[in-house]
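Inside the fold
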Amino acid sequence: MPLLLILWFDDMKLSIIALITSLGCASAFQPATFVRPKTTALSMGFDLSGNSWKPDSEKMGSTDTGDYFPEGYNKDEEVAFSSGMMGSQAMLNSEHDGPQLPGLENVGADAIMMGGIEQSSEIPAGMEFIPSSVPDGEYLINVAASSSGSEMAVSVKSPCMTFEDFFAAFSTDSHPSFSVTPQAGRMDRRSGEPTEFKVKCEPNGASGDLTGRLVINLPEDNSKLTYTFVAKSF
């Protein structure tokens, strides 16, 4: 229809063309309209918001199979399945749940100990007791020259990290009135109990200041301890 108007009314062609052009431009600024297609939800026991599907508990049965006793089994003669169940914790229970392992009640009752750590009981031949230039301690003893002697107990702390064998004796330049017991043994660790030595001085009539230097050898640790004793005999 607009084309016919252009042919018949030639003098109006410009105005009609302008009208058609304006209509085309106006349509270019109109917003597009989208149509959402219809969708069909497929139900599979759960939805997209979260899993709401749960199994039918009535249809879920146990898959465990029964336990069968061996042929000839007698529960009155066999060890109960709960025997020893408490293990090492049974000793904490005043009722005691029996042995940790059935059949091992008397294990160790007639055992014979063999081997183990050997402890020296005497000073090895040829061992020397040379005192250090600086003693680790000094002690004073008062004793009567005509008495049977005086004894002093000395606690010695081990300088070693482990148990160490020791050998104790007075140096050769000490007065012969001094003696010590024990002469051999094993010291506890540094953090353990100290070793007690008993030093005795028997003047046998000697008077004055009697000096003795006790040397404790720790051969495994390649070390030694030295203590000086002065007995004032009167």
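Whatever comes next refers back to the structure up there.
The shown structure was predicted, so the numbers you read here are calculated from the model rather than taken from an experiment.

Turning our attention to the nonpolar core. By size, the foremost hydrophobic cluster in this structure holds 22 residues, and its most contacted members are Val156, Phe178, Met187, Phe197, Leu214, Ile216 and Phe229. Listed by contribution, the elements that provide at least two residues to this core are β1 (137-143), β2 (150-156), β3 (164-170), β4 (178-181), β6 (195-201), β7 (208-218) and β8 (223-233). For Phe197, the residues in contact, after removing those within four places along its chain, are Met152, Ala153, Val154, Val156, Phe166, Ala168, Val180, Thr181, Pro182, Met187 and Ile216. In terms of nonpolar packing, the next biggest core, distinct from the first, is built from five residues, Phe129, Phe167, Ala184 and Val215 among them.

Counted according to the given criterion, the structure contains five aromatic pairs. Consider the rings of Tyr139 and Tyr227, whose centres lie 6.2 Å apart with planes at 45°: the pair is tilted. Of the two residues, Tyr139 is situated in strand β1 and Tyr227 in strand β8; the sequence distance between them amounts to 88 residues. Given the relative accessible area of 27%, Tyr139 is considered partly exposed. Owing to a relative accessible area of 9%, Tyr227 belongs among the buried residues under this scheme. Arranged with centres 5.1 Å apart and planes meeting at 75°, the rings of Phe166 and Phe197 form a pair that is edge-to-face. Residue Phe166 is found in strand β3, and its partner Phe197 is found in strand β6; the two are separated by 31 residues along the sequence. Note on accessibility: Phe166 and Phe197 belong to one class, buried. Of the aromatic side chains, those joined through ring pairs into one cluster are Tyr139, Phe170, Phe178, Tyr227 and Phe229.

As for its position among the elements, Thr195 is in strand β6. Apart from the residues within four sequence positions on either side, Thr195 is in contact with Val154, Ser155, Val156, Phe166, Met187 and Asp188.

What follows covers the sheet that holds strand β5 (residues 184-187). In any sheet, the strands associate via hydrogen bonds between backbone groups, in a parallel or an antiparallel arrangement. Strand order in the open sheet made by the five strands is β1-β8-β7-β3-β5, with mixed pairing throughout. The strands lining the two open edges of the sheet, one partner per strand, are β1 and β5. Going from strand to strand, the sheet's axes swing by 30° on average, the running direction of each strand aside. Bridge analysis of β3 against β7 gives four bridges, and the strand direction is antiparallel. Counterpart to Phe167 in the pairing with β7 is Asn217.

Right, let's talk about the pairing of β6 for a bit. Within a regular strand, the side chains alternate between the two sheet faces. Taking every second residue as pointing to the same face, the buried face of β6 carries Thr195, Phe197, Val199 and Cys201, while none of Glu196, Lys198 and Lys200 on the other face is buried. In terms of strand pairing, β2 meets β6 through seven bridges, oriented antiparallel. When the bridges of β6 are listed, Val154 appears paired with Phe197. With four bridges joining them, β4 and β6 adopt antiparallel strand pairing. Following the sheet pairing, Ser179 is matched in β6 by Lys200.

With respect to the secondary-structure elements, Glu164 resides in strand β3. Here Glu164 sits buried without a salt bridge, and the closest side chain of opposite charge, Arg186, lies 7.6 Å off (N-O distance). Reaching out from Glu164, the side chain makes a polar contact with the side chain of Thr162 at a distance of 3.1 Å. Sequence-distant contacts of Glu164, that is, excluding residues within four places in its chain, are made with Gly185, Arg186, Met187, Leu218, Glu220 and Asp221.

Okay, the sheet that holds β2 next. Strand order in the open sheet formed by three strands is β2-β6-β4, with antiparallel pairing between adjacent strands. Unpaired on one side and paired on the other, β2 and β4 mark the two borders of the sheet. Averaged over all pairs of adjacent strands, the angle between strand axes in this sheet comes to 25°, irrespective of strand direction.

So, how was this worked out
Residues numbered from 1 in each chain as written. Predicted model: local features only at pLDDT ≥ 70, side-chain atom pairs only at ≥ 80, totals over all residues. Heavy atoms only, no water. Core = buried A, V, L, I, M, F, W, Y, C linked by side-chain atoms within 4.5 Å. Buried < 20%, exposed > 50% of the residue type's maximum accessible area, 1.4 Å probe, protein only. Helix = DSSP H or I, 4+ residues; strand = E, 2+ residues; numbered from the N terminus. Contact = heavy atoms within 4.5 Å. Phe/Tyr/Trp six-rings, centres within 6.5 Å; stacked < 30°, edge-to-face > 60°. Pairing = 2+ DSSP bridges. Axes fitted to C-alpha atoms, helices over the stretch in contact; angles between N-to-C directions. Lys, Arg positive; Asp, Glu negative; His and termini not counted. Salt bridge = Lys/Arg side-chain N within 4 Å of Asp/Glu carboxyl O. Polar contact = N/O pair within 3.5 Å; in protein donor to acceptor, adjacent residues only side chain to side chain.

Fair warning: the whole summary comes from geometry, so function is off the table for now.
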